[in-house]
Amino acid sequence: MAIVENEETTLELESGEEKSAGKPLGALTRPQGGNGWKDWLFTVDHKKIGIMYGAAGLLFFVIGGVYALFVRLQLSRPGNSILSAETYNQVFTMHGVVMVFLAAIPLGAAFANYLIPLQIGARDVAFPRLNAFSFWVFLGGGLFLLSSMFIGGWWENAPDGGWFAYSPNTGVLFSPSKGIDFFAIGLQITGIASLVGAINLIVTVLNMRSPGMTLMKMPVLTWMLFITQLLLLFAMPVISVALFLLTFDRLFDANFFNVAEGADPLLWQHLFWIFGHPEVYVLILPSFGVISEIIPTFSRKPIFGYPFMVFSGIAIGFMGWGVWAHHMFASGVGPVAVAAFSVSTMFIAVPTGVKILNWLATMWGGRIRFTTPMLYATSVVAMFTIGGLSGVTHSLAAADTQQTDTYYIVAHFHYVIFGGIILGFFGGFYFWWPKIFGYFLSEKIGKSSFWVMVIGFNLTFGPMHILGLQGMSRRIQTYSEGQGFDLWNMVSTLGAFMIAIATAMFVANTIISRRAFKAGKTPAAGPDPWDARSLEWMTASPVPEHNFDEVIQVERQDEFWHRKWGRNEEGQVVRLATAEEVAHDGSNTNVHLPAPSYWPLVAAAGLPIVGYGLIYNLWLCVLGGLLILGGLYGWVFEPVDDPNADSHDHHDDQTEGTELVEGDEVLDQEVTSE
Amino acid sequence: MSDETTLGVSNDKLGMWVFLGSDCLLFGGLISTYMLYKDRIGPDDLGAEEMFDIPFTSVSSFVLLMSSLTVVLAITALRRNDIRRSRIWLLSTAILGAIFVGGQVYEFTVFYREGLGYTTNLFGTAFFTLTGFHGVHVTVGIIFLMSMYIQSMRGKLTSVQEERLEIIGLYWHFVDVVWIVIFTIVYLFPQ
Amino acid sequence: MSTTEETQIEESWVKQDWIYIKTALILGAFTAIEVFTYFESVHNAPEWLMVVTLSFLMVIKFFLVAAIFMHLRDDNAVFTKMMVMGMCIAWPVYFVMAFAMGFLPNWNVIIKVLFLFLPPAIIGSWLGFSFKGGDGSHH
């Protein structure tokens, strides 16, 4: 990664356009960096893409939350009939799918996109246009999935097989609506987005680091996100295979899950959970990373046992591949498999426990500031521990057989997913909001919404432990009076609405705080509002488009902290410099940046069209396929010698430019010699 | 450009390798599915033993294997800036690939005529899916190669852009390697 | 480009690319051996011997293409590691799945476990888990 400083050719796009020889293929010229919606639509800036991931993820989180509220309303009293049994199946399916694939993964991707390049001191990701492509593909796939609610009638074609979509329940025979088709193709599309994003971010972390930034100097968040991307990289093809098999079964009458032909429905369960369990760590590791940044900052101590944090993350990543069959203890996988997966599941609790202990040890003896992000981070440690411990109870196959398909399971995975992931992400929002937008979120609203959320969360999911052990099974549309489920279900429903209120408070907070800042009532955040440790705080807030003014030579872990603080002769920690002195002010405009591009959006738009085509009319596939092909060709042949640069050569624009000239000359010689 | 990066390798090449690592899991899943399902057929059903024409498939496997050589020759010729020869090798790679895909289409047609359709039984479903996925990979590779050939004809493929062809070559070899595995496991292993 | 240089290229491309041509010849020979096992006289050999021989040839062909055609032999180790990481995950995971679904029911559990974990362990330790991540010295 080279950053061209004080070059004559600068950001000015006009001069660049003059230099580029011809127009790129087709009628479209490159979009100009500008303002307004176009700037967002055609952007390749990892920060804007990160923000869009975050916004889309939050939107889908709210939609998924509305589904959850309907589920809770239906279950609030015995014998309720707000939702019919069919609609109930669809609503809980959509809740699961939307929350896992359209809210939790993209929110993790938001942190990854925004923060990885900043934390390793890079200018952008390795393939900026690919980054835009993966966002638009994700969004297209998400909207495709959601459109199943409307197409062909209100709630006629929504998927109804649960987020796990067990076969043969999802065959045409048992699920004749088009819901499962939407499920399979929609997830296939978002899977492409995750895979492409993973390739991009893995290359970024491996290959785009600032000088001196060895792997073992990277912040824990970057490490956890890196492992997440590796898991996505290897897990996504597995679910792709499973979804292909399912799609072929449904659309082309294949036999993969056709029991009458001798097929084994367990194949789906295996493939799904081989993907599904690494996926669980895909969801949780970003959150682990987020709180590993928040806790040291607000404890004013470095992270305790950094190598242990990293290697426990790697261990979780590896062992995550060896535990999938604990989802299938009741499926009849045989005693050997059950025993083996029991043991491996017990083992995977060890690296997670290491992490918990390290967070506690980081806080131990620190001067803790209980800001909103810190409140969220500490609550993750507590809530995730509860969820983790109930998870260990599943590893005992005998106990698990009792718990399978009861609300105890629902309680467990909501404690880890909501208590571990969503709380961590909210902490991350409060932590990085000043960095991203330049103003603070109100601490007052933040703290009150935190308490509403945590209390509401425990009221919602705590009682489910009891319900489950009392024998209430999950996925049932209703229950009858006198089973003893009434009280706790009502409590749970009330808790769910508290979570909704807390989420609304967060949204309101963003608006109110922004207004207050615009009105000049609150101060600007400055580069380093929290006295933090990693490189993203070493530049202005909001982060300028080029990230850093100059290349940062990294010497230590927590480089930024060490530039601010040092030790005097007595060994006391003293301030060496203020953050403002150390941080870049974003004034360097002589930096080449990748130019925006239409093509990622064009190519991505083709995928949902192919999806609709597969379900309704194959001719649409041709249209979508042409769009994808055209988009990719336009993309590839976007001239490399464009001084506005493109995917990879903006890091070395000048050399590439000269090389190309040489290349042309060589070719000319070749031609003349012939 | 490559010495500007942390590891001293180019982003594009690393990206391709990362993708290939991921594609291992895709084909792994399909091959496992095939292995689990190929024998789950009725006693009178058409299975692997009745269908496969080993001499024919051996020839098309050999063709694909040789296309790996020609693509390497195209790359080394381009590296020496021997544009003419690189074009020849590039085109022959694409043609060899096309012969392979053509052979596959022919094989599928024969199977279908003999009564093994996609939906006939588990063997048919799993076999056509696995080999079909591989065929799609080869077809995509041919599109890549032909695009490079057209670029070369337009004078846009010289030793400077050698790495582009090298990356496409990696993809092509990977597809070949996958066929080495499929050919042995699916066709040659005793049924 | 002068004419003498042109002739040099004419003369030497076979020599320069000889390693690849040689590899292709070896690959072709191995394929011929593989196909040879199909003919009747060899076909009656015990099944396990056939499988072992064919697998052995397959692995050699695989490594030849990867090492020489894909030049992993001379290239940065990170490429090999990415590829091997994928294979080392795929191997045990898919075989565990297959075994759990009744693949090779006659094998002893211990042999199955060795079969699952030995190949990835050998390849993994051969490559070494010490990943030298680079410190930006290339800048």
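1. So, the overall build of chain A
Consideration 1: Broken down by element type, chain A carries 20 helices and 2 strands.
Consideration 2: Within chain A, buried positions represent 62% of all 674 residues.
Consideration 3: At a minimum sequence separation of 6, the contacts of chain A that also span at least 24 residues come to 81%.
Consideration 4: As presented, chain A carries roughly 24400 Å² of accessible surface, and 66% of it is formed by carbon and sulfur atoms.

2. Quick word on the overall build of chain C
Consideration 1: Helix and strand content of chain C: 6 helices and 0 strands.
Consideration 2: Along the chain direction, N to C, the helices and strands of chain C fall in the order α-α-α-α-α-α.
Consideration 3: The contacts in chain C between residues at least 6 apart in sequence include a share of 59% that link residues at least 24 apart.

3. Describing the interface of chain A and chain B
Consideration 1: Taken together, the contact pairs 45 residues of chain A with 43 residues of chain B.
Consideration 2: When the two sides are added together, the surface that chain A and chain B hide from each other amounts to roughly 3900 Å², 64% of it contributed by carbon and sulfur.
Consideration 3: Summed over the shared surface of chain A and chain B, the number is 0 salt bridges.
Consideration 4: Linking chain A to chain B there are 15 residue pairs in polar contact (both at pLDDT 80 or more).
Consideration 5: Breaking the side of chain A that touches chain B down by element, the ones donating at least two residues are helix H6 (179–207), helix H7 (220–252), helix H19 (618–636) and helix H20 (653–673) of chain A.

4. Observations regarding the packing of helix H14 (residues 443–470) of chain A against helix H15 (residues 486–518) of chain A
Residues and elements named next belong to chain A.
Consideration 1: For the pair H14 and H15, interaxial distance at closest approach is 7 Å and the crossing angle is 155°. Here H14 lies roughly antiparallel to H15, going by the angle between them. For the pair H14 and H15, the crossing hand works out as left-handed.
Consideration 2: By residue class, the composition of the contact of H14 with H15 is 20 nonpolar, 10 polar and no charged.

5. Here's the deal with the packing of aromatic side chains
Consideration 1: Throughout the structure, instances matching the rule amount to 91 aromatic pairs over all chains.
Consideration 2: On the basis of an interplanar angle of 85° and a centroid distance of 4.9 Å, the ring pair of Phe108 of chain B and Phe128 of chain B is categorised as edge-to-face. Taken together, the positions of Phe108 of chain B in helix H4 (residues 83–113) and Phe128 of chain B in helix H5 (residues 122–153) put the pair 20 residues apart, joining distant regions of the chain.
Consideration 3: Exposure remark for Phe128 of chain B: the relative accessible area of 11% places this residue in the buried category.
Consideration 4: Aromatic side chains Phe144 of chain B and Tyr171 of chain B sit 5.4 Å apart centroid to centroid with 70° between the ring planes, which places their arrangement in the edge-to-face category. Taken as a pair, Phe144 of chain B in helix H5 and Tyr171 of chain B in helix H6 (residues 162–188) lie far apart in primary sequence, 27 residues in all.
Consideration 5: Judged by relative accessible area, which is 4%, Tyr171 of chain B ranks as buried.
Consideration 6: Between Arg533 of chain A and the ring centre of Trp561 of chain A, over which it is positioned, the NZ or CZ distance is 4.2 Å.

6. Points about the nonpolar core
Consideration 1: Core analysis: the biggest nonpolar cluster contains 309 residues, and Leu233 and Trp324 of chain A together with Tyr34 and Phe52 of chain B have the highest contact counts within it.
Consideration 2: Discounting residues that sit within four places of it in the chain, Phe52 of chain B has contacts with Tyr34, Phe111, Phe123, Phe127, Val186, Tyr187 and Gln191 of chain B.

7. Some thoughts on the environment of Trp364 of chain A
Consideration 1: For Trp364 of chain A, the position within the fold is in the loop between helix H10 (335–363) and helix H11 (372–395).
Consideration 2: With relative accessibility at 71%, the residue Trp364 of chain A sits in the exposed group.

8. Things to note about H5 of chain B
Residues and elements named next belong to chain B.
Consideration 1: An ideal rise of 1.5 Å per residue puts 46 Å on 32 residues; H5 measures up with 46 Å between its terminal C-alpha atoms.
Consideration 2: Extensive coverage of H5 is indicated by the burial of 24 of its 32 residues.
Consideration 3: Two to three positions downstream of the cap, the backbone nitrogen of Phe123 sits 3.2 Å from a side-chain oxygen, assigning the N-cap of H5 to Asn121.
Consideration 4: At the C-terminal side of H5, Gly155 shows a positive phi close to 80°.

9. Some points on unusual backbone geometry
All names here are of chain A.
Consideration 1: For the bond running from Ser167 to Pro168, omega is 0°, close enough to zero to count as cis.
Consideration 2: With respect to the secondary-structure elements, Pro168 resides in the loop between helix H5 (128–147) and H6.
Consideration 3: Backbone torsion omega between Ser541 and Pro542 reads -10°, so that peptide bond is classified as cis.
Consideration 4: Mapped onto the fold, Pro542 is located in the loop between H15 and helix H16 (559–564).
Consideration 5: You will see that Arg475, though not glycine, has its phi angle at about 65°, which is positive.

10. Let's talk about the state of the cysteines
Note on terminology: disulfide describes a covalent bond linking the sulfur atoms of two cysteines.
Consideration 1: All chains considered together, the criterion is met by 0 disulfides over all chains.
Consideration 2: You can see Cys24 of chain B has no disulfide; the closest cysteine sulfur is in Cys88 of chain C, sitting 9.8 Å from it.

11. Re the confidence of the model for chain A
Consideration 1: When pLDDT is averaged along chain A, the result is 89; 89% of the residues meet or exceed 70.
Consideration 2: Contacts of residues 640–674 of chain A to residues separated by more than four positions or lying in other chains number 67 contacts, the stretch itself having pLDDT below 50.

12. So, the confidence of the model for chain C
All names here are of chain C.
Consideration 1: Looking at chain C as a whole, the pLDDT averages 82, with 81% of positions reaching at least 70.
Consideration 2: Of all helices and strands in chain C, the one with the weakest mean pLDDT is helix H1 (residues 3–16) (61), whereas helix H5 (residues 77–100) scores best (93).
Consideration 3: Segment residues 130–139 is flagged for pLDDT under 50; beyond a separation of four residues in sequence, or across chains, it makes 33 contacts in the model.

13. Re H14 of chain A
Each turn of an α-helix holds 3.6 residues, which means side chains three or four residues apart point in the same direction.
Consideration 1: Compared with the 40 Å implied by 1.5 Å per residue over 28 residues, the 40 Å span of H14 of chain A between its first and last C-alpha is a close match.
Consideration 2: At the exit of H14 of chain A stands Gly471 of chain A, carrying a positive phi of roughly 110°.

14. As for the side chain of Asp17 of chain C
Consideration 1: Note that Asp17 of chain C resides in the loop between H1 and helix H2 (18–36).
Consideration 2: On the accessibility criterion, Asp17 of chain C (2% relative accessible area) is buried.
Consideration 3: If we ignore the near neighbours within four places in the chain, the residues touching Asp17 of chain C are Leu73, Thr76 and Arg80 of chain B.

15. What to know about the interface of chain C and chain B
Consideration 1: With 48 residues of chain C at the contact, the number on the chain B side is 51 residues.
Consideration 2: At the boundary of chain C and chain B, one finds 2 salt bridges.
Consideration 3: Residue Asp17 of chain C is joined to Arg80 of chain B by a salt bridge in which the shortest nitrogen-to-oxygen separation is 3.0 Å.
Consideration 4: Here chain C is connected to chain B by 9 residue pairs in polar contact (both at pLDDT 80 or more).
Consideration 5: Where the side of chain C that touches chain B is concerned, the elements lending two or more residues are H1, H2, helix H4 (47–69) and H5 of chain C.
Consideration 6: Ranked by residues supplied to the side of chain C that touches chain B, first place goes to H5 of chain C with 11 residues.

16. Focus on the side chain of Thr371 of chain A
Consideration 1: Assignment of secondary structure puts Thr371 of chain A in the loop between H10 and H11.
Consideration 2: Assessed through its relative accessible area of 12%, Thr371 of chain A is described here as buried.

17. Observations concerning the pattern of salt bridges
When their charged atoms lie close together, side chains carrying opposite charge are able to pair.
Consideration 1: Considering all chains together, one arrives at 18 salt bridges over all chains under this definition.
Consideration 2: Notably, a salt bridge pairs Asp39 of chain B with Lys38 of chain B, separated by 3.5 Å at the nearest N-O pair.
Consideration 3: Residue classification places Asp39 of chain B among the exposed positions, given a relative accessible area of 54%.
Consideration 4: Here Lys38 of chain B falls in the buried class, since its relative accessible area comes to 9%.
Consideration 5: Here Asp74 of chain C and Arg73 of chain C are joined by a salt bridge, their closest N and O atoms 3.7 Å apart. Arg73 of chain C carries the same exposure label as Asp74 of chain C, and that label is exposed.

18. Side note on the packing of H7 of chain A against helix H1 (residues 11–37) of chain B
Consideration 1: Relative to each other, H7 of chain A and H1 of chain B sit at 35°, their axes nearing to 8 Å. By crossing handedness, the relation of H7 of chain A to H1 of chain B is classed as right-handed. Counted together, Leu233, Phe234, Pro237, Val238, Ser240, Val241 and Leu245 of chain A of H7 of chain A and Val18, Gly21, Ser22, Leu25, Leu26, Gly29, Leu30 and Thr33 of chain B of H1 of chain B form the full contact between these two elements.
Consideration 2: Across the contact of H7 of chain A with H1 of chain B, the residue classes tally to 10 nonpolar, 5 polar and no charged.

19. Some words on a negative patch on the surface
Residues and elements named next belong to chain B.
Consideration 1: Judged by side-chain charge, Asp44, Asp45, Glu49 and Glu50 come together as a negatively charged surface patch.
Consideration 2: Mapped onto the elements of the fold, Asp44 is located in the loop between H1 and helix H2 (48–51).
Consideration 3: For Asp44, a relative accessible area of 75% puts it in the exposed group.

20. Observations concerning a nonpolar patch on the surface
All names here are of chain A.
Consideration 1: A contiguous nonpolar patch, built from Val62, Val66, Phe70, Leu73, Ile82 and Phe497 and spanning about 440 Å² of accessible area, is present on the exposed surface.
Consideration 2: The element best represented in the nonpolar patch is helix H3 (residues 46–76), accounting for 4 residues.
Consideration 3: Mapped onto the fold, Phe70 is located in helix H3.

Reading guide: rules and limits
- Residues numbered from 1 in each chain as written.
- Chains lettered and ligands numbered in written order.
- Predicted model: local features only at pLDDT ≥ 70, side-chain atom pairs only at ≥ 80, totals over all residues.
- Heavy atoms only, no water.
- Helix = DSSP H or I, 4+ residues; strand = E, 2+ residues; numbered from the N terminus.
- Buried < 20%, exposed > 50% of the residue type's maximum accessible area, 1.4 Å probe, protein only.
- Contact = heavy atoms within 4.5 Å.
- Areas by Shrake-Rupley, 256 points an atom, 1.4 Å probe, with all protein chains shown as cover.
- Buried area = accessible area lost by both parts, 1.4 Å probe.
- Salt bridge = Lys/Arg side-chain N within 4 Å of Asp/Glu carboxyl O.
- Polar contact = N/O pair within 3.5 Å; in protein donor to acceptor, adjacent residues only side chain to side chain.
- Axes fitted to C-alpha atoms, helices over the stretch in contact; angles between N-to-C directions.
- Parallel < 35°, antiparallel > 145°, perpendicular 65-115°, else oblique.
- Left-handed = near helix turned anticlockwise from the far one by under 90°.
- Nonpolar A, V, L, I, M, F, W, Y, C, P; charged D, E, K, R; others polar.
- Phe/Tyr/Trp six-rings, centres within 6.5 Å; stacked < 30°, edge-to-face > 60°.
- Lys NZ or Arg CZ within 6 Å of the ring centre and 35° of its normal.
- Core = buried A, V, L, I, M, F, W, Y, C linked by side-chain atoms within 4.5 Å.
- Expected span 1.5 Å × (residues − 1).
- Disulfide = S-S within 2.5 Å.
- pLDDT = per-residue confidence, 0-100.
- Patch = residues over 30% accessible without salt bridge, like charges linked within 9 Å, V, L, I, M, F, W, Y side chains within 5 Å.
- Lys, Arg positive; Asp, Glu negative; His and termini not counted.
- Charge placed at Lys NZ, Arg CZ, Asp CG, Glu CD.

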